[in-house]
Amino acid sequence: MEDGVRLIRVQQPTFEVEPVLDNRFTKCRVEEVCTPAVHECLRGKEWSEERELNTELSQSVTTVVMECLRELNFSRYKIIVQTNLGENKDQSVRVASHCLWESQLDGAAEIKFISEKLWCTVVVIGMYVH
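Calculation rules
Residues numbered from 1 in each chain as written. Predicted model: local features only at pLDDT ≥ 70, side-chain atom pairs only at ≥ 80, totals over all residues. Heavy atoms only, no water. Core = buried A, V, L, I, M, F, W, Y, C linked by side-chain atoms within 4.5 Å. Buried < 20%, exposed > 50% of the residue type's maximum accessible area, 1.4 Å probe, protein only. Helix = DSSP H or I, 4+ residues; strand = E, 2+ residues; numbered from the N terminus. Contact = heavy atoms within 4.5 Å. 1 Å grid on protein atoms, 1.4 Å probe; cavity = no way out; pocket = protein on both sides within 12 Å on 5 of 7 lines; lining within 4 Å. Points joined across faces, edges and corners; volume = space filled by probe spheres on them. Nonpolar A, V, L, I, M, F, W, Y, C, P; charged D, E, K, R; others polar. Salt bridge = Lys/Arg side-chain N within 4 Å of Asp/Glu carboxyl O. Disulfide = S-S within 2.5 Å. Pairing = 2+ DSSP bridges. Axes fitted to C-alpha atoms, helices over the stretch in contact; angles between N-to-C directions.

Engineer: Describe the nonpolar core, and please don't skip the residues or the numbers.
Structural biologist: Counting residues in hydrophobic clusters, the biggest one holds 27 residues, and the most contacted among them are V30, L69 and V124. Of all elements in the fold, only helix 1 (27-42), helix 2 (51-72), strand 1 (77-87), strand 2 (107-114) and strand 3 (118-128) reach the threshold of two or more residues within this core. Non-local contacts of V30, meaning those with residues more than four positions away in its chain, are made with F25, T35, L69, L72, F74, A109 and V124.

Given below as structure tokens:
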């Protein structure tokens, strides 16, 4: 308090119930950034009969996707990455996930890769944490 003048500070609430419009999880943004990275990571790779090699390949794909998502800087989002891969023998494969979410704030993206020897699907789920 200076010279009889009283300073009043007004503080706004710090909680956020919605993400900033530019920072929403959108399928298009995720697929646009992550698809080329996944394709680059899997280009030239083959399915191995050794389980450990396939586990390492799956983990490396997941790591590449997580690094791409960090660049997008989705603050206050819980990110879930599910990577499935297998040997391509002209079979049919369907990957399904169920999740309960707020459709205005949360979302999911899918990245597919198919070569002569290998198939891969990566499902990325973004859930906003209040």
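Now, onward.
Engineer: Tell me about unusual backbone geometry, and please be specific about residues and values.
Structural biologist: In the Ramachandran plot, R76 falls in the positive-phi region, its phi being about 65 degrees despite a non-glycine side chain. Mapped onto the fold, R76 is located in the loop between helix 2 and strand 1. Residue class for R76 comes out partly exposed when judged on its relative accessible area of 34%. The backbone of D90 shows a phi angle near 55 degrees, a positive value even though the residue is not glycine.

Engineer: Now, about the layout of surface pockets: what can you tell me, with residues and values included?
Structural biologist: In this model, the largest pocket occupies a volume close to 250 Å³. Surrounding the largest pocket, 13 residues form its lining, S92, V93, I114, W119 and T121 being those nearest its centre. Put simply, the parts of the chain that give the lining of the largest pocket at least two residues each are strand 2 and strand 3. For the lining of the largest pocket, the per-class residue count stands at six nonpolar, four polar and three charged.

Engineer: If you had to explain the pattern of salt bridges to someone new, which residues and values would you point to?
Structural biologist: Applying the stated criterion to the full structure yields three salt bridges. As a salt-bridge pair, R24 and E18 come within 3.1 Å of each other at their nearest N and O atoms. Accessibility expressed as a relative area gives 18% for R24, which makes it buried. For the salt bridge of K89 with E87, the shortest nitrogen-to-oxygen distance reads 3.9 Å. Note on K89: relative accessible area 60%, which makes it exposed. Classification of E87 by relative accessible area gives partly exposed; the value is 28%.

Engineer: Kindly report on the state of the cysteines, identifying the contributing residues and their values.
Structural biologist: Applying the stated criterion across every chain yields a total of zero disulfides. Here C41 stays unpaired: no disulfide links it, and the sulfur of C120, its closest cysteine neighbor, is 8.4 Å away. C99 forms no disulfide, and the closest cysteine sulfur to it belongs to C34, at a distance of 17 Å. Owing to a relative accessible area of 37%, C99 belongs among the partly exposed residues under this scheme.

Engineer: Give a description of the sheet that holds strand 1 that names residues and reports values.
Structural biologist: Hydrogen bonding along the main chain pairs the strands of a sheet, whether they run parallel or antiparallel. Reading across from one edge, 1-3-2 is the order of the three strands in this open sheet, with antiparallel pairing throughout. The sheet is open, and its two borders are formed by strand 1 and strand 2, each paired with just one other strand. Adjacent strand axes in the sheet meet at a mean angle of 10 degrees when their direction is disregarded. Pairing of strand 2 with strand 3, which is carried by eight bridges, proceeds in the antiparallel orientation. Opposite A109, over in strand 3, you have V124 as the bridge partner. Here helix 1 sits on the sheet in contact with strand 2 and strand 3, set at roughly 25 degrees to strand 2. Where helix 2 meets the sheet, it contacts strand 1 and strand 3, and its direction lies at approximately 145 degrees from that of strand 1.

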